[in-house]
Amino acid sequence: MIQEFQTYIMKNRGYSINTVIAYGKDLQDFARWMSKNKPEPRWTTVEPADIENYVRKLHDMGKKPTTINRHIASIRKAYNYMKMRGIVDTNPARYIESNKIDKTIPNTIPTADLKKALEASAGTMKVMLTILCKTGVRIQEMLDIELQDIETANGRIRIHGKGRKERYVYLNDGDMRTITEFIKGRPSRIFGDISQRDVRRAIFETLRTFSSARQLSPHAIRHTYATEMAKAGANVTTIAQILGHESIKTTQKYIDLGQQNIRRTQLQFEIFN
């Protein structure tokens, strides 16, 4: 069942290979637990109490709330698939509550540091930093950009996001010229077959010269982009659309951070002290 479920969410739902592997591992862990703790360890005999006991076991093991929530999501989605296939009548994980997660401030990089890195870089690194810093796309979304996705006349790039969902991001004329010059003579996939790992390493080595921020990664650049948009007053829906978030709840943390900045600024300039 697990392999069939993985094939389904990858081919029909457009899930990334990393997500597919993670869901498969979670389900295998749950299946192993069932084989040791349930008299009839079959998917069709699982009850809500079984899942609750499994979640309790994950808590006892000291698993992080985010990890436990992923396990719950994996089981819930697997049973949605089984229900769709007619294997089960109900989803035993439907009402299993996820763990509340404390909001944390995303890791960001000072914009002044990113500007210095952009000005000093050249070639492929300059184009990568331009796209990451000016649009907030994910690293794999950037690496998946092809020649046909770049619309110079409209000043935009088509992005192939999670779940095969497409969206557009926009760049100013100067940045589009930089990209247009770069792609001349390039293969269909403008960055070739370079891996995420190599890009992360190259970006880290570039940024460490200009910044002492705790995280110097493409995702920290994405956090920075979203945070600065929120501080500038962009609404949550707009930010969610630009970043390609499926849920506005994912975007809300940036709005909350933006409000914190507004509060600090307002109190700093309070005139009736």
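Our subject is the structure listed above.
These figures come from a predicted structure and were not determined experimentally.

Turning our attention to the overall build of the protein chain. Broken down by element type, the protein chain carries 12 helices and three strands. Among the 273 residues that make up the protein chain, the fraction classed as buried is 41%. At a minimum sequence separation of 6, the contacts of the protein chain that also span at least 24 residues come to 60%. Here the protein chain has roughly 16,200 Å² of accessible surface; of this, 48% comes from carbon and sulfur atoms.

A surface patch of nonpolar side chains, about 270 Å² in accessible area, is lined by M10, I17 and I21. On the secondary structure map, M10 appears in helix α1 (residues 2-11).

Turning next to the layout of surface pockets. If you add up the space inside the second largest pocket, you get close to 220 Å³. Considering the residues around the second largest pocket, the lining is formed by T111, L114, K115, L118, C133, K134, I221, T224, Y225 and E228. Contributing elements (two or more residues each) for the lining of the second largest pocket: α5 (111-120), α6 (123-135) and α10 (218-231). Split into classes, the residues belonging to the lining of the second largest pocket amount to five nonpolar, two polar and three charged.

A few words now on the pairing of strand β3 (residues 166-170). A one-sided burial pattern is seen for β3, the buried positions being R167 and V169 and the unburied ones E166, Y168 and Y170. When strand β2 (residues 156-160) meets β3, the two strands line up antiparallel, connected through five bridges. For R158, the partnering residue across the bridge sits in β3 and is Y168. Here β2 folds back onto β3, and the loop between the two strands holds five residues, one of which, G163, carries a positive phi near 65°.

In a packed pair of helices, the relevant descriptors are the angle between the two axes and the axis-to-axis distance. Helix α4 (residues 65-85) packs onto helix α2 (residues 17-37) with a crossing angle of 90° between their chain directions and a minimal axis gap of 9 Å. Our classification of the angle between α2 and α4 gives roughly perpendicular. Note on element contacts: α4 touches α2 through R70, H71, A73, S74, I75, K77 and A78, opposite A22, Y23, D26, L27, D29 and F30. Tallied by class, the residues present in the contact of α2 with α4 amount to seven nonpolar, two polar and four charged.

Moving on, we come to the packing of aromatic side chains. Scanning all chains against the criterion turns up nine aromatic pairs. Put simply, the rings of F30, W33, W43, Y54 and Y79 touch in pairs and so form one group of aromatic residues.

Let's shift gears to the sheet that holds β3. Ordered in space as β1-β2-β3, the three strands form an open sheet in which the pairing is antiparallel. The outermost strands of the open sheet, each flanked by one partner alone, are β1 (150-151) and β3. With two bridges joining them, β1 and β2 adopt antiparallel strand pairing. Across the sheet, the residue bridging to I150 is I157, located in β2.

Here we take up the nonpolar core. Core analysis: the largest hydrophobic core is formed by 34 residues, its most contacted members being M142, F191, L207 and I221. Mapped onto this core, the elements with two or more residues apiece are α5, α6, α7 (139-143), β2, α8 (173-183), α9 (196-207) and α10. Apart from the residues within four sequence positions on either side, F191 is in contact with T124, V127, M128, I131, M142, L143, F182 and R186. In terms of nonpolar packing, the next biggest core, distinct from the first, is built from 27 residues, F5, L27, M34 and V46 among them.

All right, on to the environment of L171 then. Along the chain, L171 turns up in the loop between β3 and α8. Once the C-alpha coordinates of L171 and K134 are considered, the two residues, 37 residues apart in sequence, prove to be 7.0 Å apart. Those residues in contact with L171 that lie beyond four places of it in its chain are T130, K134, T135, G155, I157, M176 and I179.

Attention now moves to the environment of A202. Tracing the chain through its elements places A202 in helix α9. Classification of A202 as partly exposed rests on a relative accessible area of 31%. Each C-alpha atom, one on A202 and one on S217, is 9.6 Å from the other, the two residues being 15 residues apart in sequence.

Rules used in this analysis
Residues numbered from 1 in each chain as written. Predicted model: local features only at pLDDT ≥ 70, side-chain atom pairs only at ≥ 80, totals over all residues. Heavy atoms only, no water. Helix = DSSP H or I, 4+ residues; strand = E, 2+ residues; numbered from the N terminus. Buried < 20%, exposed > 50% of the residue type's maximum accessible area, 1.4 Å probe, protein only. Contact = heavy atoms within 4.5 Å. Areas by Shrake-Rupley, 256 points an atom, 1.4 Å probe, with all protein chains shown as cover. Patch = residues over 30% accessible without salt bridge, like charges linked within 9 Å, V, L, I, M, F, W, Y side chains within 5 Å. Salt bridge = Lys/Arg side-chain N within 4 Å of Asp/Glu carboxyl O. 1 Å grid on protein atoms, 1.4 Å probe; cavity = no way out; pocket = protein on both sides within 12 Å on 5 of 7 lines; lining within 4 Å. Points joined across faces, edges and corners; volume = space filled by probe spheres on them. Nonpolar A, V, L, I, M, F, W, Y, C, P; charged D, E, K, R; others polar. Pairing = 2+ DSSP bridges. Axes fitted to C-alpha atoms, helices over the stretch in contact; angles between N-to-C directions. Parallel < 35°, antiparallel > 145°, perpendicular 65-115°, else oblique. Phe/Tyr/Trp six-rings, centres within 6.5 Å; stacked < 30°, edge-to-face > 60°. Core = buried A, V, L, I, M, F, W, Y, C linked by side-chain atoms within 4.5 Å.

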